[in-house]
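Descriptive analysis of the structure
Each chain, letter by letter, is given below.
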Amino acid sequence: MVSAPKLIATLYGGGVAGWLNESELLLTGKSNPSQRDRALRIVSVSTGAGRVISSALSIRGVSISPGGRWVAYYVAFDSATRNGMFVLDTKTGVAKRVDWFGSYRWRDANRIAYIPLETGASQHRLLEWNASTGAKRELARFGAKVAGDDWQLAPNGSRIAFVNAANRNLYALELPR
C-alpha cells in the first residue's frame, strides 16, 4: 500500500540537503521569509520536529558525510567573524571552523578529501582532514590543475578521477588508504 505524502516543513530560500539517517533530514533555508539568516536544520520525518544546528546569511556547499555524523559547509557574504569553512558534528551540534578552504568530497564517514584553494599555485594537490581527530595529511600532487570542480572519489575512497585543466583529459590516481 502506498501512503500519501505528509507535510514535514515549510522552507523559504532553501531545500533538502540530504538524509542524515533513515529518520532525519538535513534542511537549509528560512522558516519565515523575513528572517535574515538561513539555517541548517535537522528535522524528524515522522514528527516534523526539528532543531537548528547552524545559521548564517549564506550557507553554501552543504555536504553530509556517509552515515550522517558530519556536515561540511561554508559561510559567505556574512560578517568576517562568521565567514569560513566549517565541519559540524550532528550528534553534538558543535561546528569546527577549519583552517582550509577549497573543493571537497567525503572520503568516508570521518575523512573529507579536499583540493585547497592556493592562489598562484602551479598545480593542485589533494589533502585529507579527519573530522574526528583534526589530523590533516597530503594524499596526492596532481602535477597539473584540476578543471573547475571536476573531480570525484571512488565510492570506497581509494581513487580519484579528475579532469586536467590544461588538456581537458581525464586522469585517475590511486590514493593512499
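Structure shown above.
What counts, and where the lines are drawn
- Residues numbered from 1 in each chain as written.
- Predicted model: local features only at pLDDT ≥ 70, side-chain atom pairs only at ≥ 80, totals over all residues.
- Heavy atoms only, no water.
- Buried < 20%, exposed > 50% of the residue type's maximum accessible area, 1.4 Å probe, protein only.
- Salt bridge = Lys/Arg side-chain N within 4 Å of Asp/Glu carboxyl O.
- Helix = DSSP H or I, 4+ residues; strand = E, 2+ residues; numbered from the N terminus.
- Pairing = 2+ DSSP bridges.
- Axes fitted to C-alpha atoms, helices over the stretch in contact; angles between N-to-C directions.

Moving on, we come to unusual backbone geometry. With phi around 65 degrees, Arg168 is a residue other than glycine that occupies positive phi space. A relative accessible area of 54% means that Arg168 is categorised as exposed.

For the rest of this paragraph, the subject is the pattern of salt bridges. On inspection of all chains with the given rule, the structure shows 13 salt bridges. Taking the shortest distance from any N to any O, the salt bridge between Arg107 and Glu128 comes out at 2.5 Å. With Arg107 in the loop between strand E9 (102-106) and strand E10 (111-116) and Glu128 in strand E11 (residues 125-130), the pair connects residues that are 21 residues apart, well separated along the chain. Assigned by exposure class, Arg107 and Glu128 land together as buried.

Turning our attention to the sheet that holds strand E14 (residues 159-164). As summarised here, the arrangement of the 3 strands in space is E13-E14-E15, forming an open sheet in which the pairing is antiparallel. Of all the strands in the sheet, just strand E13 (146-153) and strand E15 (170-174) have a single pairing partner and so form its edges. The average angle at which neighbouring strand axes cross in this sheet is 25 degrees, direction not considered. Note: E13 against E14, 4 bridges, orientation antiparallel. What sits directly across from Val146, in E14, is Asn164.

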